[in-house]
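Residues per chain, in single letters:
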Amino acid sequence: MAAASMMGQLVSPLETGHHVWEDQSFIKWNKRDAHVPLRCHESIEGSLKYWYDRNKVNFMVSDSAPWNDDAVSEALNCATRWTKGLPFVESLSGYWKFYLASTPGNVPLNFYHTTFQDSEWETLPVPSNWQMHGFDRPIYTNVVYPFPLDPPFVPVDNPTGCYRTDFVIPEEWKGRRVLLHFEAVDSAFCAWINGVPVSQDSRLPAEFEITDYCYPCGSDKKNVLAVQVFRWSDGSYLEDQDHWWLSGIHRDVLLLSKPQVFIADYFFRSNLAEDFSYADLQVEVKIDNSRETSKNTVLDNFTIEAALFDSGSWYSIGGSADLLSSNVANLKLDLSPGSILGFRDYSLVGRLEAPRLWSAEQPNLYTLVVILKDKSGNIVDCESCLVGIRQVSNAPKQLLVNGHPIIIRGVNRHEHHPRLGKTNIESCMIKDLVLMKQYNINAVRNSHYPQHPRWYELCDIFGMYMIDEANIEAHGFDYSGHAKHPTLEPSWATAMLDRVIGMVERDKNHACIISWSLGNESGYGPNHSASAGWVRGKDPSRLLHYEGGGSRTPSTDIICPMYMRVWDIVKIAKDPNETRPLILCEYSHAMGNSNGNIHEYWEAIDSTFGLQGGFIWDWVDQGLLKDSADGTKHWAYGGDFGDVPNDLNFCLNGLVWPDRTPHPAMHEVKYVYQPIKVSFSEGTLKELNFPLQVTNTHFYETTRALEFYWAAHGDGCELGSGNLSLPLIEPQKTYHIESQSAPWHTLWASSSAEEFFLTITAKLLHSTCWVEAGHVISSTQVQLPVKREFVPHVIKTKDATFLREIVGDTLKVSQQNAWEIILNVKMGTVESWKVEGVPLMTKGIFPCFWRAPTDNDKGGGASSYSSKWQAAHIDNLHYITKSCSVENMSDDLLKVAVVFLGVPNSGEGSGVEDRSSLIEIDVIYTIYSSGDVVVECNVRPNSNLPPLPRVGVEFHLEKSIDQIKWYGRGPFECYPDRKAAAHVGVYEQKVGDLHVPYIVPGECSGRADVRWVTFQNKDGLGIYASIYGSSPPMQMNASYYTTAELDRATHNEDLIRGDDIEVHLDHKHMGLAGDDSWSPCVHDKYLIPAVPSSFSIRLSPITPATSGHDIYKSQVQL
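Reference entry: report on the structure contained in this document. (Residues numbered from 1 in each chain as written. Predicted model: local features only at pLDDT ≥ 70, side-chain atom pairs only at ≥ 80, totals over all residues. Heavy atoms only, no water.)

1. Here's the deal with the overall build of the protein chain
So, point 1. On a plain count of helices and strands, the protein chain comes out with 16 helices and 55 strands.
So, point 2. A globule of 1118 residues ought to have a C-alpha radius of gyration of about 32 Å, and the protein chain, at 33 Å, matches this closely.
So, point 3. On the principal axes, the C-alpha backbone points of the protein chain span a range of 115 × 70 × 55 Å.
So, point 4. Across the 1118 residues of the protein chain, 63% fall into the buried class. (Helix = DSSP H or I, 4+ residues; strand = E, 2+ residues; numbered from the N terminus. Rg over C-alpha atoms; globule rule 2.2 N^0.38 Å. Buried < 20%, exposed > 50% of the residue type's maximum accessible area, 1.4 Å probe, protein only.)

Here you go:
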């Protein structure tokens, strides 16, 4: 909603008593038409210098990104810096006077008058969300509206913010027109400068001319700007996105100064020749001469020109660049009667020979300058922006950029700052882009609203494909039985279309935007059809996207489902009747410890024509900083502010934490998104010949800027490494490496290793704007075939004996001062294990089948894995010893056989007869004189149990045994369905560093495919554990937090460390899933059905004189 009136001349709709904030048809009243951002330059040189300085951004800027309280002042500084170099643009950012009224009716009377006394009011930074500064409270909901659904009405209790500030018009602006520009306000507002405007759509600008209502230049009077902001308005019904409901003037407020006749808007287009040898250029220009008394045509008194400058050449030479000399094309007025314009104004045309094309891989940019001159040739007005020459088109089942079927390796991004809410800081935006580029992300979907104008410029500069999305979401109507959906209502048509038009008109010149989106999760109806028609008519140079209505309506050029399963997207891609490409607008829901089986999506995408990628949901955990009782701060989620209703932690589904620290899953994303693929050549894997193929999946970049390395490891030990000399690989081409001529072949041929892994890495030769030279963009590990058979591991006993002693229920086995094990022969458990007199194991070894549920485990209500586990009492198993016997006692070997019954822990009695067994476990301990203990487990679960979380053993170590080294996948957290990026190797960490601090705790910190692991204290004393016999590699976990504690705590900072270290060695561990987080969707291959299984684990004492590798190798029998 937008309107403007001035006191004494016009009457505000508010003064009539009309609740304009509850009228969906009231959206414009004297508000200026939407347009591109205006710079108001005074000269061509000034415009080029502005962009020369503005384009100088790189990864080093991101290092200063603030995420705590210092972000408040930086946001104000940033708003001011954005107007640097613009003499006719002034930011009004700063501390304004502020008062929060409980309802619109309680707003202080005439608070907008210049004589109103606001000395008792508090202050609030602008831009900001007032909830982030102690006023009112944030509310998080995903679908449900935080007020009764009764469109267009909103609650009477409607917090209303009142703002006041003042300003003077600079002397240099004398004789010029003045515009007041709000970049974004949530949700509706009125502003007074001796008058009243009102505006809606919280993510787009509202602009008003205030020339006649400001005190003249040189006056000693200050102009008073007063703003009234409503938390809720009818527009809130179109803004039901899955994020925090926050209010206020959250983007900058600007004063713009323009001449009496000025450039009001312009639209740049390029049309490439079929062979891309040249580009025909067109700029449509809109001139505002509305205040001229003479209505002669503009061309009687003015000339309009445009010029294109090659921005890329500015930084290639040292010192000051001659910016004007970078002119590469000039555009002149097209007066031909056949010229077709997007609006009825002026068309400029020209041609650029040999254009440098823009793409995410090669984001080549030009600076467009549009000039208005008077009859004497003097520059009257000047506007400019960055533009890219590129062509977006479609072919059967393909989206094409510059003729190539690009692959979308994307992510959804909300605007979110943990301290500021929706307010933006440039260094924080750059941090997002730097991380995205470093992790091979090449596309972003602006979910689900137009974002800060600077974000688009940065995406142009860094190279990021973009879907720009209209600020329309009405998800809550899906669950309403009484209210008709807005997209079906003619009364909402204008409001919806206006949001789409505002987005396109503001952002239309950005090269990064390859598709417009009509919004998100708003059903489908005639209002979408109307919006689609307008966009296609206005801008046929881009594709159209909209998921609502099933993602295949006539209003979308892209099949864009969300959370569709792999097999279903493949089915659509192979449908001969569907000619549109499929790009998942949302997939791989990154809620907590998630993103399982994302590699399966990419196996399908990489091999199926018609699939062109997708956008992960989503980028950042939307946690807000909240003060704790002890004065520390933590990341809060829905309900933590007393907000009702709320959707708890459903706002925490990002690939990065709120401070942009990457989640472990980001490694998997980087891997599946990596542009250099390495694999065995198809169909050629033979015993002594295993050629590799290296594929460059880029569409524009060769491998000229890359250097390749290889490294060979045998059983975790590096055998050799070096540069890998490869010929230049063109885009979309493959090079084959023959095994016999490869530099690692001799090492492989002479190696006695049981396992031989080869890693091929591609690094950048030169620094870019987003990373330093040497950055790894791709790394792949392949396992080469073994040359000989290996007998399963066996123990080599030493020529030594041990002491054994049974006293009551206790069996003590020891060898002098080397080691001592105490078992309870009644319970069948280890009570103590010492090495050289140092206590190591405090309790164990128990069967274990339970894990602390992840967010994905909890998704699905009664059908969720967590609910089924709890219903089956898997979360509450108590192990009763059915029998325990000591067998095969000799001088160098001892066996103890135990039968455990896993029964529901009712807390009553201890007998077997009163409780039914859910799982029966046979455990055989074989203790050797060498100190080795082999634990053989045979598990027999009831067949009616649901899939199990894990099958393994648990034991507890002294908390000083905190040094962990393992041979398996790592170094980061990985699980059976999220381990493609985790290379097999030998890694070392401390127990505390293994913990992954997801905001909501659950199962975490696991390491997959572990062959052996050592747990040692600082002196090197500890316990070694490994697979044994024919058992496959294990899933390993060690933590100061017990499984019960991870399940209990609702915030990471609530976790209480235990008195020891809980260790899990799992024969099998269920996958994490990630197709979504609201249904049980672990893929079948990563489930653990309740069927019998057997496995063995070897435990050994370890000292500084031994190593895990040596013990492991001692088991191998050639």
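2. Digging into the sheet that holds strand β27 (residues 582–587)
So, point 1. The 7 strands are arranged β26-β25-β24-β23-β22-β28-β27 in an open sheet whose pairing can be described as parallel. With one partner strand each, in any of the chains shown, β26 (543–545) and β27 form the two edges of the open sheet. Geometrically, the sheet is characterised by an average inter-axis angle of 25° between neighbouring strands, direction not taken into account.
So, point 2. Note: strand β23 (residues 443–446) against strand β24 (residues 465–469), 3 bridges, orientation parallel. Paired with Val 444 across the bridge in β24 is Met 466.
So, point 3. Packed onto the sheet, helix α6 (residues 493–507) meets β24 and β25 (513–517) and runs at close to 165° relative to β25. (Pairing = 2+ DSSP bridges. Axes fitted to C-alpha atoms, helices over the stretch in contact; angles between N-to-C directions. Contact = heavy atoms within 4.5 Å.)

3. Some points on the state of the cysteines
So, point 1. In the structure shown here, the tally under the stated rule is 0 disulfides.
So, point 2. Among the cysteines around Cys 78, which has no disulfide bond, Cys 428 carries the closest sulfur, lying 8.3 Å off.
So, point 3. Here Cys 78 falls in the buried class, since its relative accessible area comes to 2%.
So, point 4. Looking at the unpaired Cys 651, the closest cysteine sulfur is the one in Cys 428, lying at 18 Å. (Disulfide = S-S within 2.5 Å.)

4. Here's the deal with unusual backbone geometry
So, point 1. Following Pro 151, the chain continues into Pro 152 via a peptide bond in cis, with omega recorded as 5°.
So, point 2. Mapped onto the secondary structure, Pro 152 falls in the loop between β4 (139–141) and β5 (160–167).
So, point 3. A cis amide bond links Val 644 with the next residue in sequence, Pro 645, at an omega value of 0°.
So, point 4. Checked against the element boundaries, Pro 645 lands in the loop between β30 (633–636) and α10 (665–673).
So, point 5. Phi is positive for Leu 648, close to 50°, though the residue is something other than glycine.

5. Topic: the sheet that holds strand β35 (residues 733–737)
So, point 1. With antiparallel pairing, 3 strands are arranged side by side in an open sheet as β31-β32-β35. Of all strands in the sheet, those bounded by a partner on one side alone are β31 (676–680) and β35. The mean inter-strand angle of the sheet, taken between neighbouring strand axes irrespective of direction, is 20°.

6. Remarks on the pattern of salt bridges
So, point 1. According to the stated counting rule, one finds 58 salt bridges in the structure shown.
So, point 2. The residue Arg 291 makes a salt bridge to Glu 209 at a minimum N-O spacing of 3.7 Å. Of this pair, Arg 291 sits in the loop between β14 (278–288) and β15 (302–310) while Glu 209 is found in strand β9 (residues 206–209), placing the two residues 82 residues apart along the sequence.
So, point 3. Residue Arg 291 is classed as partly exposed on the basis of its relative accessible area, which comes to 32%.
So, point 4. Of the charged contacts in the structure, one is a salt bridge between Asp 1019 and Lys 1018, with a shortest N-O distance of 3.6 Å.
So, point 5. Here the salt bridges share partners, and the residues they tie into one network are Arg 32, Arg 177, Glu 207, Glu 209, Asp 212, Asp 288 and Arg 291. (Salt bridge = Lys/Arg side-chain N within 4 Å of Asp/Glu carboxyl O.)

7. Topic: the packing of helix α9 (residues 598–607) against α10
So, point 1. Packing of α9 against α10 leaves a shortest axis separation of 10 Å and a crossing angle of 10°. Taken as axis vectors, α9 and α10 run roughly parallel relative to one another. The segment α9 lies against α10, with Ile 598, His 599 and Trp 602 engaging Glu 668, Val 669, Val 672 and Tyr 673.
So, point 2. Looking at the contact of α9 with α10 residue by residue, the classes come out as 5 nonpolar, 1 polar and 1 charged. (Parallel < 35°, antiparallel > 145°, perpendicular 65-115°, else oblique. Nonpolar A, V, L, I, M, F, W, Y, C, P; charged D, E, K, R; others polar.)

8. Thoughts on helix α1 (residues 44–54)
So, point 1. With 8 of 11 residues buried, α1 lies mostly within the body of the structure.
So, point 2. Listed in full, the buried residues belonging to α1 are Ile 44, Gly 46, Ser 47, Leu 48, Tyr 50, Trp 51, Tyr 52 and Arg 54.

9. Re the packing of aromatic side chains
So, point 1. Under the criterion given, the structure shown has 46 aromatic pairs.
So, point 2. With 5.0 Å between their ring centres and 80° between their planes, Tyr 50 and Trp 51 make a pair best called edge-to-face. Comparing Tyr 50 with Trp 51, the two get one shared label, buried.
So, point 3. Between the aromatic rings of Phe 111 and Tyr 112, the centroid separation amounts to 6.0 Å while the plane-to-plane angle is 70°, which identifies the pairing as edge-to-face. By the burial criterion, Phe 111 is buried, and Tyr 112 matches it.
So, point 4. Geometry around Tyr 278 places Arg 351 over its ring, the cationic atom sitting 3.8 Å from the centre.
So, point 5. Lying over the aromatic face of Tyr 366, Arg 356 brings its terminal NZ or CZ to 5.5 Å of the ring centre. (Phe/Tyr/Trp six-rings, centres within 6.5 Å; stacked < 30°, edge-to-face > 60°. Lys NZ or Arg CZ within 6 Å of the ring centre and 35° of its normal.)

10. Things to note about the environment of His 698
So, point 1. Checked against the element boundaries, His 698 lands in the loop between β32 (692–696) and β33 (706–714).
So, point 2. A C-alpha to C-alpha distance of 9.6 Å links His 698 and Gln 674, two positions 24 residues apart in sequence.
So, point 3. When sequence neighbours within four positions are dropped, the list of residues in contact with His 698 reads Glu 361, Pro 675, Pro 731 and Gln 732.

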